[in-house]
Amino acid sequence: MISIIVHGGAWDIPDDAVESHYKGVEHALDVGWKILKLGGNAVDAVEQAVQIMENNETFDAGYGSHLNQLGEVELDASIMDGKTIRCGAVAAVHHIKNPITLARKIMDESEHILLVGNGAEQYAKEHGITICESTELVTQRERDRWETLRTKKEFKTKDAFKKLVRPSDTVGVVALDQYGNICTGTSTGGTPNKYPGRVGDSPLIGCGTYADNEVGGVSTTGWGEAMIKVVMAKTVIDLMEMNGSNPQKAAERGIEILHRKADGFGGVIALNKQGGFGIAFNTPRMARAYMNIDMNKPFIAV
Ligand code: ASP
(Lines give C-alpha, C1' and ligand atoms only; values in the text may rest on other atoms or scores of the structure.)
Protein backbone atom coordinates (compact mmCIF):
# COMPACT_ATOMS: atom_id res chain seq x y z
CA MET A 1 0.00 0.00 0.00
CA ILE A 2 1.03 3.61 -0.61
CA SER A 3 -1.26 6.40 0.51
CA ILE A 4 -1.29 10.16 1.09
CA ILE A 5 -3.70 12.69 2.56
CA VAL A 6 -3.41 16.49 2.50
CA HIS A 7 -5.22 19.44 4.10
CA GLY A 8 -5.14 23.16 3.43
CA GLY A 9 -7.14 24.56 6.32
CA ALA A 10 -10.65 24.30 7.80
CA TRP A 11 -12.79 27.45 8.08
CA ASP A 12 -15.48 29.37 6.29
CA ILE A 13 -13.43 29.43 3.06
CA PRO A 14 -15.11 32.10 0.90
CA ASP A 15 -16.56 31.13 -2.49
CA ASP A 16 -13.95 33.12 -4.39
CA ALA A 17 -11.12 31.25 -2.63
CA VAL A 18 -12.47 27.73 -3.19
CA GLU A 19 -10.75 27.21 -6.52
CA SER A 20 -7.30 28.28 -5.31
CA HIS A 21 -7.63 25.98 -2.28
CA TYR A 22 -8.77 23.12 -4.52
CA LYS A 23 -5.84 23.60 -6.88
CA GLY A 24 -3.41 24.07 -4.00
CA VAL A 25 -4.22 20.78 -2.27
CA GLU A 26 -4.42 19.02 -5.65
CA HIS A 27 -0.90 20.18 -6.54
CA ALA A 28 0.54 19.18 -3.14
CA LEU A 29 -1.11 15.78 -3.33
CA ASP A 30 0.24 15.21 -6.83
CA VAL A 31 3.81 16.05 -5.81
CA GLY A 32 3.68 13.78 -2.75
CA TRP A 33 1.98 10.99 -4.66
CA LYS A 34 4.61 10.97 -7.42
CA ILE A 35 7.38 10.59 -4.85
CA LEU A 36 5.60 7.62 -3.22
CA LYS A 37 4.78 6.08 -6.60
CA LEU A 38 8.46 6.17 -7.63
CA GLY A 39 9.38 4.27 -4.47
CA GLY A 40 10.32 7.34 -2.46
CA ASN A 41 9.92 7.51 1.28
CA ALA A 42 7.12 9.06 3.32
CA VAL A 43 9.36 11.73 4.89
CA ASP A 44 10.40 13.09 1.47
CA ALA A 45 6.79 12.98 0.22
CA VAL A 46 5.56 14.95 3.24
CA GLU A 47 8.35 17.52 3.15
CA GLN A 48 7.92 18.18 -0.58
CA ALA A 49 4.11 18.31 -0.47
CA VAL A 50 4.13 20.71 2.50
CA GLN A 51 6.74 22.89 0.72
CA ILE A 52 4.43 23.22 -2.28
CA MET A 53 1.73 24.68 -0.02
CA GLU A 54 4.19 26.86 1.92
CA ASN A 55 5.19 28.42 -1.42
CA ASN A 56 1.55 28.95 -2.45
CA GLU A 57 0.19 32.27 -1.21
CA THR A 58 -3.30 30.75 -0.89
CA PHE A 59 -2.37 29.13 2.40
CA ASP A 60 -1.41 30.35 5.85
CA ALA A 61 2.04 28.75 5.74
CA GLY A 62 5.33 30.19 4.48
CA TYR A 63 4.71 32.87 1.82
CA GLY A 64 1.32 34.55 2.27
CA SER A 65 0.92 33.73 5.97
CA HIS A 66 -1.20 35.86 8.29
CA LEU A 67 0.63 38.66 10.09
CA ASN A 68 1.01 39.01 13.85
CA GLN A 69 0.08 42.18 15.76
CA LEU A 70 3.38 43.77 14.76
CA GLY A 71 2.66 43.15 11.09
CA GLU A 72 5.23 40.35 10.78
CA VAL A 73 5.04 36.82 9.41
CA GLU A 74 5.93 34.41 12.24
CA LEU A 75 6.02 30.75 11.27
CA ASP A 76 5.64 27.36 12.99
CA ALA A 77 6.07 23.82 11.60
CA SER A 78 6.62 20.24 12.69
CA ILE A 79 7.35 16.84 11.18
CA MET A 80 7.31 13.33 12.66
CA ASP A 81 8.64 10.05 11.32
CA GLY A 82 6.43 7.17 12.47
CA LYS A 83 9.15 4.59 11.94
CA THR A 84 11.40 5.90 14.69
CA ILE A 85 8.99 8.42 16.30
CA ARG A 86 11.74 10.95 15.74
CA CYS A 87 10.41 14.46 15.30
CA GLY A 88 11.51 18.03 14.62
CA ALA A 89 9.77 21.37 15.00
CA VAL A 90 10.28 25.13 14.75
CA ALA A 91 8.25 28.01 16.13
CA ALA A 92 8.17 31.78 15.78
CA VAL A 93 10.67 32.03 12.92
CA HIS A 94 10.68 35.11 10.70
CA HIS A 95 13.28 34.46 8.03
CA ILE A 96 12.63 30.91 6.88
CA LYS A 97 10.89 30.37 3.55
CA ASN A 98 10.18 26.69 4.18
CA PRO A 99 9.89 25.96 7.90
CA ILE A 100 9.02 22.31 7.20
CA THR A 101 12.53 21.82 5.79
CA LEU A 102 14.09 23.33 8.90
CA ALA A 103 11.87 21.11 11.07
CA ARG A 104 13.10 18.12 9.08
CA LYS A 105 16.72 19.17 9.50
CA ILE A 106 16.19 19.33 13.27
CA MET A 107 14.53 15.90 13.19
CA ASP A 108 17.37 14.40 11.15
CA GLU A 109 20.41 16.04 12.69
CA SER A 110 19.71 17.62 16.06
CA GLU A 111 19.52 16.07 19.50
CA HIS A 112 16.61 18.48 20.14
CA ILE A 113 13.02 18.47 18.94
CA LEU A 114 11.71 22.04 19.07
CA LEU A 115 13.76 25.17 18.37
CA VAL A 116 12.20 28.64 18.46
CA GLY A 117 12.93 32.16 17.23
CA ASN A 118 16.56 33.27 16.95
CA GLY A 119 17.93 29.88 18.00
CA ALA A 120 15.99 28.13 15.25
CA GLU A 121 17.25 30.65 12.70
CA GLN A 122 20.82 30.26 13.91
CA TYR A 123 20.44 26.50 13.47
CA ALA A 124 19.13 27.11 9.95
CA LYS A 125 22.15 29.25 9.04
CA GLU A 126 24.57 26.68 10.43
CA HIS A 127 22.90 23.87 8.48
CA GLY A 128 22.55 25.45 5.06
CA ILE A 129 18.82 26.20 5.19
CA THR A 130 17.83 29.21 3.08
CA ILE A 131 17.27 32.41 5.04
CA CYS A 132 15.13 35.16 3.52
CA GLU A 133 14.07 38.71 4.31
CA SER A 134 10.93 38.61 6.45
CA THR A 135 9.27 41.02 4.02
CA GLU A 136 9.63 38.44 1.23
CA LEU A 137 6.98 36.34 2.98
CA VAL A 138 4.39 39.15 3.18
CA THR A 139 1.62 39.52 0.60
CA GLN A 140 -0.57 42.56 -0.06
CA ARG A 141 -3.66 40.50 0.83
CA GLU A 142 -2.32 39.88 4.31
CA ARG A 143 -1.17 43.51 4.74
CA ASP A 144 -4.73 44.58 3.94
CA ARG A 145 -6.20 42.00 6.33
CA TRP A 146 -3.84 43.18 9.06
CA GLU A 147 -4.84 46.82 8.53
CA THR A 148 -8.48 45.82 8.98
CA LEU A 149 -7.95 43.58 12.01
CA ARG A 150 -5.70 45.91 13.99
CA THR A 151 -8.44 48.50 14.19
CA LYS A 152 -10.92 45.93 15.53
CA LYS A 153 -9.90 45.83 19.15
CA GLU A 154 -12.79 43.59 20.11
CA PHE A 155 -11.39 40.80 17.94
CA LYS A 156 -10.40 37.66 19.87
CA THR A 157 -8.93 34.57 18.27
CA LYS A 158 -11.45 32.32 20.01
CA ASP A 159 -14.42 34.30 18.72
CA ALA A 160 -12.93 34.37 15.28
CA PHE A 161 -13.04 30.62 15.01
CA LYS A 162 -16.41 30.49 16.72
CA LYS A 163 -17.98 32.90 14.30
CA LEU A 164 -16.20 31.08 11.51
CA VAL A 165 -15.31 34.27 9.74
CA ARG A 166 -11.53 34.26 10.03
CA PRO A 167 -9.05 32.27 8.01
CA SER A 168 -7.46 29.04 9.19
CA ASP A 169 -5.31 27.99 6.29
CA THR A 170 -2.68 25.84 7.96
CA VAL A 171 -1.39 22.99 5.79
CA GLY A 172 -0.69 19.36 6.65
CA VAL A 173 0.23 16.07 4.99
CA VAL A 174 0.31 12.43 6.11
CA ALA A 175 1.94 9.79 3.89
CA LEU A 176 2.44 6.03 3.99
CA ASP A 177 5.25 4.67 1.79
CA GLN A 178 5.77 1.21 0.29
CA TYR A 179 8.06 0.27 3.16
CA GLY A 180 5.21 0.72 5.65
CA ASN A 181 6.55 3.98 7.04
CA ILE A 182 4.22 6.82 8.00
CA CYS A 183 5.19 10.48 8.24
CA THR A 184 3.18 13.59 9.18
CA GLY A 185 4.04 17.26 8.64
CA THR A 186 2.17 20.47 9.51
CA SER A 187 3.08 24.10 8.74
CA THR A 188 1.40 27.42 9.63
CA GLY A 189 1.62 31.15 10.00
CA GLY A 190 -0.70 30.81 12.99
CA THR A 191 -3.79 32.88 13.62
CA PRO A 192 -4.30 36.33 12.10
CA ASN A 193 -3.20 39.27 14.28
CA LYS A 194 -1.78 36.89 16.90
CA TYR A 195 0.23 38.24 19.82
CA PRO A 196 3.94 38.23 18.92
CA GLY A 197 5.50 35.01 20.17
CA ARG A 198 2.17 33.20 20.30
CA VAL A 199 2.61 29.54 19.36
CA GLY A 200 -0.34 27.33 18.43
CA ASP A 201 -0.80 23.60 18.05
CA SER A 202 0.94 23.10 14.71
CA PRO A 203 4.58 22.84 15.89
CA LEU A 204 3.67 20.91 19.04
CA ILE A 205 4.12 17.17 18.68
CA GLY A 206 0.92 15.46 19.78
CA CYS A 207 -1.20 18.58 19.26
CA GLY A 208 -0.82 19.49 15.56
CA THR A 209 1.19 16.50 14.34
CA TYR A 210 1.70 12.85 15.22
CA ALA A 211 2.92 9.71 13.43
CA ASP A 212 3.46 6.16 14.62
CA ASN A 213 3.97 3.24 12.20
CA GLU A 214 2.11 0.95 14.60
CA VAL A 215 -1.06 3.07 14.27
CA GLY A 216 -1.06 5.89 11.68
CA GLY A 217 -0.58 9.63 11.29
CA VAL A 218 -2.63 12.75 12.05
CA SER A 219 -2.41 16.48 11.20
CA THR A 220 -4.77 19.18 12.48
CA THR A 221 -5.93 22.70 11.61
CA GLY A 222 -8.14 25.19 13.40
CA TRP A 223 -8.13 27.12 16.63
CA GLY A 224 -4.77 26.12 18.10
CA GLU A 225 -5.50 27.01 21.72
CA ALA A 226 -8.38 24.50 21.75
CA MET A 227 -6.35 21.87 19.88
CA ILE A 228 -3.60 22.11 22.50
CA LYS A 229 -6.07 21.63 25.36
CA VAL A 230 -7.24 18.28 24.01
CA VAL A 231 -3.81 17.23 22.61
CA MET A 232 -5.69 16.71 19.40
CA ALA A 233 -3.34 14.75 17.11
CA LYS A 234 -2.33 12.20 19.74
CA THR A 235 -5.93 11.91 20.93
CA VAL A 236 -6.99 10.88 17.42
CA ILE A 237 -4.03 8.47 17.19
CA ASP A 238 -5.06 6.90 20.51
CA LEU A 239 -8.67 6.62 19.36
CA MET A 240 -7.45 4.82 16.22
CA GLU A 241 -5.35 2.49 18.29
CA MET A 242 -8.18 1.68 20.67
CA ASN A 243 -10.98 1.40 18.12
CA GLY A 244 -9.59 -1.18 15.74
CA SER A 245 -7.77 1.44 13.71
CA ASN A 246 -10.81 3.08 12.03
CA PRO A 247 -9.45 6.49 10.97
CA GLN A 248 -12.81 8.02 10.04
CA LYS A 249 -14.40 7.18 13.37
CA ALA A 250 -11.31 8.42 15.23
CA ALA A 251 -11.29 11.73 13.32
CA GLU A 252 -15.01 12.30 14.00
CA ARG A 253 -14.67 11.45 17.65
CA GLY A 254 -11.64 13.78 17.92
CA ILE A 255 -13.62 16.73 16.54
CA GLU A 256 -16.50 15.91 18.88
CA ILE A 257 -14.10 15.98 21.85
CA LEU A 258 -12.53 19.25 20.61
CA HIS A 259 -15.93 20.91 20.47
CA ARG A 260 -17.41 19.48 23.64
CA LYS A 261 -14.42 19.93 25.94
CA ALA A 262 -12.70 23.02 24.53
CA ASP A 263 -15.42 24.75 22.52
CA GLY A 264 -13.04 24.36 19.58
CA PHE A 265 -13.46 24.56 15.82
CA GLY A 266 -11.25 23.04 13.17
CA GLY A 267 -10.43 19.96 11.16
CA VAL A 268 -8.31 16.85 11.28
CA ILE A 269 -6.89 14.38 8.75
CA ALA A 270 -5.91 10.84 9.70
CA LEU A 271 -4.29 7.92 7.90
CA ASN A 272 -4.03 4.43 9.37
CA LYS A 273 -1.24 1.93 8.80
CA GLN A 274 -3.36 0.13 6.19
CA GLY A 275 -3.56 3.37 4.13
CA GLY A 276 -7.20 4.14 5.02
CA PHE A 277 -8.38 7.73 5.49
CA GLY A 278 -10.27 9.77 8.05
CA ILE A 279 -11.34 13.41 7.74
CA ALA A 280 -13.57 15.39 10.08
CA PHE A 281 -14.24 19.11 10.60
CA ASN A 282 -16.84 21.26 12.29
CA THR A 283 -16.23 24.34 10.14
CA PRO A 284 -18.26 25.13 6.99
CA ARG A 285 -15.42 24.06 4.70
CA MET A 286 -12.10 22.24 4.73
CA ALA A 287 -9.60 21.95 1.85
CA ARG A 288 -8.64 18.28 1.61
CA ALA A 289 -7.38 15.63 -0.80
CA TYR A 290 -6.29 12.01 -0.69
CA MET A 291 -5.11 9.19 -2.87
CA ASN A 292 -4.04 5.58 -2.41
CA ILE A 293 -3.03 2.74 -4.68
CA ASP A 294 -6.58 1.31 -4.71
CA MET A 295 -8.03 4.52 -6.20
CA ASN A 296 -8.19 5.40 -9.93
CA LYS A 297 -8.04 9.13 -9.26
CA PRO A 298 -7.57 11.37 -6.25
CA PHE A 299 -10.38 12.63 -4.05
CA ILE A 300 -10.21 16.43 -3.80
CA ALA A 301 -12.75 18.69 -2.08
CA VAL A 302 -13.11 22.08 -0.41
N1 ASP B 1 -3.89 25.72 14.11
C2 ASP B 1 -3.24 26.92 13.69
C3 ASP B 1 -2.82 27.72 14.89
O4 ASP B 1 -3.60 27.85 15.82
C5 ASP B 1 -4.09 27.78 12.83
C6 ASP B 1 -4.71 27.11 11.66
O7 ASP B 1 -4.92 25.92 11.66
O8 ASP B 1 -4.99 27.82 10.69
O9 ASP B 1 -1.75 28.25 14.88
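Please read these numbers as outputs of a predicted model, since none were measured by experiment.

Criteria and cut-off values
Residues numbered from 1 in each chain as written. Predicted model: local features only at pLDDT ≥ 70, side-chain atom pairs only at ≥ 80, totals over all residues. Heavy atoms only, no water. Buried < 20%, exposed > 50% of the residue type's maximum accessible area, 1.4 Å probe, protein only. Helix = DSSP H or I, 4+ residues; strand = E, 2+ residues; numbered from the N terminus. Contact = heavy atoms within 4.5 Å. 1 Å grid on protein atoms, 1.4 Å probe; cavity = no way out; pocket = protein on both sides within 12 Å on 5 of 7 lines; lining within 4 Å. Points joined across faces, edges and corners; volume = space filled by probe spheres on them. Nonpolar A, V, L, I, M, F, W, Y, C, P; charged D, E, K, R; others polar. Pairing = 2+ DSSP bridges. Axes fitted to C-alpha atoms, helices over the stretch in contact; angles between N-to-C directions. Phe/Tyr/Trp six-rings, centres within 6.5 Å; stacked < 30°, edge-to-face > 60°.

*Asks:* Residue-level account of helix α8 (residues 232-242), with values.
*Replies:* Listed in full, the buried residues belonging to α8 are Met232, Ala233, Thr235, Val236, Ile237, Leu239 and Met240. Residues of α8 that are buried in the fold lie against β7 (209-212), β8 (216-222), α7 (224-229), α9 (247-262) and β9 (266-272). Just beyond α8, the residue with positive phi is Gly244, at close to 60 degrees.

*Asks:* Can you tell me about empty space enclosed by the protein, naming the residues and giving the values?
*Replies:* Here the structure, examined in full by the defined rule, presents 1 cavity of 30 Å³ or more. Of the voids in this model, the largest cavity is the one considered here, and its volume is about 110 Å³. The wall of the largest cavity is formed by 17 residues, among which Thr170, Thr188, Gly190, Thr191 and Gly222 lie closest to the centre. Each residue belonging to the lining of the largest cavity can be placed in one class, and the counts come to 2 nonpolar, 10 polar and 5 charged.

*Asks:* Describe unusual backbone geometry, listing the residues and the values that go with them.
*Replies:* A negative phi angle characterises most non-glycine residues, just as the trans form characterises most peptide bonds. Of note in this structure, Val231 is not a glycine but carries a positive phi near 45 degrees. Within the secondary structure, Val231 is located in the loop between α7 and α8. The backbone of Asp263 sits at a positive phi, close to 55 degrees, despite the residue not being glycine. For Asp263, the location among the structural elements is in the loop between α9 and β9.

*Asks:* Pulling in residues and values, what's your account of the sheet that holds strand β3 (residues 86-93)?
*Replies:* Reading across the sheet, the 8 strands line up as β4-β3-β2-β6-β5-β1-β11-β12 and stay open at both edges, with mixed pairing between neighbours. Of all the strands in the sheet, just β4 (114-116) and β12 (299-301) have a single pairing partner and so form its edges. Geometrically, the sheet is characterised by an average inter-axis angle of 5 degrees between neighbouring strands, direction not taken into account. The pairing of strand β5 (residues 171-176) with strand β6 (residues 182-188) spans 6 bridges and is classified as antiparallel. Each bridged residue has a counterpart across the sheet, and for Leu176 the counterpart in β6 is Ile182. Helix α2 (residues 42-54) rests against β1 (3-11), β2 (75-81), β5 and β6 of the sheet, and its axis sits at about 160 degrees to β5.

*Asks:* Explain the packing of aromatic side chains residue by residue, including any values.
*Replies:* In this structure the tally under the stated criterion is 2 aromatic pairs. For the ring pair Phe277 and Tyr290, a centre distance of 4.1 Å and an interplane angle of 25 degrees mean the geometry is stacked. A residue pair is termed long-range when its members are at least 10 positions apart, and Phe277 in strand β10 (residues 277-281) and Tyr290 in strand β11 (residues 285-292) qualify at 13 residues. Accessibility classification places Phe277 together with Tyr290 in one group, the buried group. For the pair Tyr290 and Phe299, a centre-to-centre distance of 4.7 Å together with 20 degrees between the ring planes defines the contact as stacked. For Phe299, a relative accessible area of 31% puts it in the partly exposed group.

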